[in-house]
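Structural characterization, general
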Amino acid sequence: MSILVNKETRILIQGITGRSGVPVTSELLDYGVKVVSGVTPGKGGQEVDTVPVFNSVREAIEEVGPIDVSMVYVPPLMARDAAMEAIEALAASRGSASGQAEVPLVHIFVEKVPVFDVAQILARAKEKNVQVLGPASVGAISPGEGKIGSIGGANPDKVFSKGPVGVISKSGGMCSELAMLITESGFGQSTVVGIGGDLLVGITFGDLLKEFESDTSTKAVVAFGEVGGSAEVEVAKLIREGEFTKPFIIYLAGKFAEKLPKDTSLGHAGAIVGLEATMEEKTKILKDSGAIVAKHFEDIPRLIKQKI
Amino acid sequence: MKLYEFEGHKILAKAGIASPFFVTCANSEEVKEAKKRLKFPIVAKVQVLSGKRGKGGGVKIFKSEKKLVEFCNEMLGNDFEDEKVIYINLAQWVRIEEEYYASITYDTCSKQPFLLFSKKGGIDIEEVEKKDPEELIKYEINPLEGLKERNLKKIIGKDETLVDFLMRLWDAFWRYDCRLVEVNPIAKVQSGYVAIDAKVILDGNGLVRQKSLDVIPKGAAGAIPTKREIDARKIDEEDYRGSAGSTFIEFDGSPRGEAGDIAILASGGGASLMIMDSVVAAGGRCANYTEYSGNPPREKVEKLTKITLDKKGLNGCLVAGAVANFTDIFETLSGFVEGLKQVRPKPNYPIVIRRGGPRQKEAYKMLTKFAKKEGFDIHLFGPETPISVACKKMVELSDGYKNMRSHI
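These numbers were taken from a predicted model, which means no experiment stands behind them.

Another aspect to go through is the overall build of chain B. What chain B contains, in helices and strands, is twelve helices and 18 strands. Along the first, second and third principal axes, the C-alpha set of chain B runs to 75 × 50 × 40 Å. Evaluated residue by residue, chain B yields a buried proportion of 56% over its 408 residues. Here the analysis covers contacts within chain B between residues at least 6 apart in sequence; of these, 69% occur between residues at least 24 apart. Summed over all atoms, the accessible surface of chain B reaches about 18,000 Å², with 50% contributed by carbon and sulfur. Of the side chains in chain B, 65 bear a positive and 59 a negative charge, and the two mean positions are spaced by 3 Å.

So, in structure tokens, the structure goes:
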């Protein structure tokens, strides 16, 4: 078992003929993922690495069958329309997909999507009961099963291995870094998810914890937390209320920024100094809830060992 | 991007929200000119990005010229709450009948914009929240439908002019890609409602489609960006592929942070935070914060390298990131090399590189050759070395370099 993605997941790529669309297509195919179709308006009829390209998502579904996941790989200002199109088409073809996805998923890889567009996408997705991963999300991987997005690049096996640890981070790079640390210490991962670092994102840490709770292959979850936002506070609440009962280990980054003026934005659009809770508050809320806060990043394997 | 009050008013004005007539002045000449267009009493307001201007004595009402000129001369060019005052707004004083509060921003939990309204305006809204929470109305806005007049009337009453004001506030919020619009107070005056103050934060991701707004460049951490901060931000404005330098914070001893001597070229929004923390924990001082990520083309890394290293007094350079998923390490480090070659004088301080990911080995071969041929002190660490260890090594090497130089 795993969450979000497995062997049966059927994927469509929007922007498949683009600069990031082409490489991700072959990476996914190499990993054995079922990339069934792609979309680039005006380029219908072409092929990208054996995958047929269509002019619209609806047309692609009609021609080669239903999908569980649509990955959005288009330029930032086109992301809204692409995601909206995917949400409508996924909702219209609901239930017909082969895979596990009772709730179909739109994965938005694109970075720098204006926040108002994101709010609109998320509102439509909620209306239509479609999940959104991202924006600015590297994707998700269930090692040995399948993956969504660019996580692990062309060589996921170098870093990711199958095992009992769920991994969550806003940052794509830290997904890999954490997975590598865990793999090297002899553990593997059930599913690794990068949720994206924007101010508003679809799937949250909290949503994933609920999924990991019921996933039998996950024995513990490791997270990379950051300055700014409320993700960690949400997690602490779930643990406190008994909705997540497995060991939860988190490392918090961005202490240096506490000295900067309030409202300073860092690399992630959602990493804003003073937004919602300070680092100290976050650490305290997490510790009080029973979460394990790793003082040093390299302590994580030892903490996992103590718990599973 | 946080805006000055007068810039905020300009954006609100585009949506038809009036404010008392004002003139923005940058020097005493302009103050003199401005007076001719205003009648006493005049409200003088220093333009700084930190809040609490009123409490700190940055907003004053003047009935005579002498005191006004004195105040402006004293403020302009000096620091107010750790921020240099470049502009002062001189606004026409108006008789206020009532003061309200309104803001629109995003709720990161419900993932929607919301309107916050209170008939207790003119004071700190946090105070109202603490003392009179029932006086605060929070109303969530479906971003697909927008704010609806009939819903507004249900929550704030039938005051058509006030409803119109709030509808315009919503208009300004979404039309100009704002992350926050806040008016405190909204003043009821004889002619209707006016915005006495305007706090606006623009969404950095929306700026690319809001070029007509013509706002003054700001630093990431302060109102007045350094030249490096401005130059770094331009890199992304010219090319949307990947990002490089959008967030550049220079630590130069100003309020944004103690001056540092280790240049940082980090990769990734998450890893960059950990890298900064690790350098600080090892006793190092960073000259800047910046990051590139999302597989930027090599030209962008080249530009960022040049801007970051074009600084006197550096004693080290750290190029670090997590194991990349899809960022081409050979391409990005080639960009670093291209940039490094152009830095004058030629850097002879230690350079520590810690990366992993696509084409990392190829990149390290190229770097080894390059360092040998061109005589750079480059130390390479692969993904097997933890980020914190590489950061510690950077600080040690940098300390060694400083010691050596002090003995020459």
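What follows deals with the nonpolar core. Residues Ile-168, Phe-248, Leu-266 and Ile-300 of chain A together with Leu-318 of chain B are the most contacted members of the largest nonpolar core, which totals 106 residues. When residues in this core are grouped by element, the largest group, seven residues, is from helix H5 (residues 172–184) of chain A. With near-sequence residues (within four places) excluded, Ile-168 of chain A lies in contact with Leu-178, Val-193, Phe-205, Leu-208, Leu-209, Phe-212, Val-221, Val-222, Ala-223, Phe-224 and Phe-248 of chain A.

Let us look at the packing of aromatic side chains. One pass over the structure, following the stated rule, counts 18 aromatic pairs over all chains. Taking the centre distance of 5.7 Å and the plane angle of 25 degrees together, the rings of Phe-256 of chain A and Tyr-289 of chain B count as stacked. Here the residue Phe-256 of chain A occupies a position in the loop between strand S13 (248–253) and helix H8 (279–289), and Tyr-289 of chain B occupies one in strand S15 (residues 288–293), the pair thus bridging two chains. Here Phe-256 of chain A and Tyr-289 of chain B have matching classes, each one buried. With a centroid separation of 5.2 Å and 50 degrees between ring planes, the pair formed by Tyr-106 of chain B and Phe-173 of chain B is classed as tilted.

Each side of the interface is counted separately: chain A has 64 residues, and chain B has 56 residues. Taking both sides of the interface into account, the surface hidden between chain A and chain B amounts to around 4,700 Å²; carbon and sulfur atoms contribute 60%. Taken as a group, Lys-112, Phe-116 and Phe-256 of chain A account for 15% of the area that chain A buries against chain B, more than any other trio of residues on that side. Here Asp-117 of chain A and Arg-209 of chain B are joined by a salt bridge, their closest N and O atoms 2.9 Å apart. Inspection of the chain A/chain B interface yields 22 residue pairs in polar contact (both at pLDDT 80 or more). Those elements that place two or more of their residues in the side of chain A that touches chain B are helix H4 (115–127), H5, strand S12 (220–226) and S13 of chain A. Looking at the side of chain A that touches chain B, the element that brings in the most residues is H4 of chain A, giving ten residues.

This brings us to the sheet that holds strand S1 (residues 10–14) of chain A. What links the strands of a sheet is backbone hydrogen bonding, and the strands pair in either a parallel or an antiparallel sense. Residue and element names in this part refer to chain A. Strand order in the open sheet formed by seven strands is S3-S4-S2-S1-S5-S6-S7, and the pairing between neighbours is mixed. Looking at strand neighbours, the two that pair on one side only are strand S3 (47–48) and strand S7 (131–133), the edges of this open sheet. As paired elements, strand S2 (residues 34–39) and strand S4 (residues 51–54) share two bridges and run parallel to each other. The partner of Val-39 across the bridge, within S4, is Phe-54.

Attention now moves to the UniProt feature "domain: ATP-grasp" (unreviewed entry) in chain B. UniProt feature "domain: ATP-grasp" (unreviewed entry): in the numbering of this structure it lies at residues 9–213 of chain B. Here residues 9–213 of chain B is 28% helix and 32% strand, with 12 Å between the C-alpha atoms at its ends.

Here we come to the UniProt feature "active site" (unreviewed entry) in chain A. Under the UniProt annotation, "active site" (unreviewed entry) lies at His-268 of chain A. Excluding its chain neighbours within four sequence positions, the residues that come into contact with His-268 of chain A are Lys-170, Ser-171, Gly-197 and Glu-226 of chain A together with Gly-269 and Gly-270 of chain B.

This next bit is on helix H11 (residues 360–374) of chain B. Helical geometry note: an α-helix holds 3.6 residues per turn, so side chains three or four residues apart project in the same direction. All names here are of chain B. Taking 1.5 Å of rise per residue, the 15 residues of H11 would be expected to cover 21 Å, and the 21 Å separating its terminal C-alpha atoms lies within 8% of that figure. Residues of H11 that are buried in the fold lie against helix H10 (329–341), strand S17 (351–356) and strand S18 (378–381). One or two positions beyond H11, positive phi appears at Gly-375, with a value near 75 degrees.

Moving on, we come to the UniProt feature "domain: CoA-binding" (unreviewed entry) in chain A. Here, UniProt's "domain: CoA-binding" (unreviewed entry) annotation points to residues 4–94 of chain A. Helix and strand shares over residues 4–94 of chain A are 35% and 23% respectively, and the end C-alpha atoms of the span are 16 Å apart.

Here is what the cut-offs are and how they apply
Residues numbered from 1 in each chain as written. Chains lettered and ligands numbered in written order. Predicted model: local features only at pLDDT ≥ 70, side-chain atom pairs only at ≥ 80, totals over all residues. Heavy atoms only, no water. Helix = DSSP H or I, 4+ residues; strand = E, 2+ residues; numbered from the N terminus. Buried < 20%, exposed > 50% of the residue type's maximum accessible area, 1.4 Å probe, protein only. Contact = heavy atoms within 4.5 Å. Areas by Shrake-Rupley, 256 points an atom, 1.4 Å probe, with all protein chains shown as cover. Lys, Arg positive; Asp, Glu negative; His and termini not counted. Charge placed at Lys NZ, Arg CZ, Asp CG, Glu CD. Core = buried A, V, L, I, M, F, W, Y, C linked by side-chain atoms within 4.5 Å. Phe/Tyr/Trp six-rings, centres within 6.5 Å; stacked < 30°, edge-to-face > 60°. Buried area = accessible area lost by both parts, 1.4 Å probe. Salt bridge = Lys/Arg side-chain N within 4 Å of Asp/Glu carboxyl O. Polar contact = N/O pair within 3.5 Å; in protein donor to acceptor, adjacent residues only side chain to side chain. Pairing = 2+ DSSP bridges. UniProt positions renumbered as here; feature names shortened; annotations may be inferred. Expected span 1.5 Å × (residues − 1).

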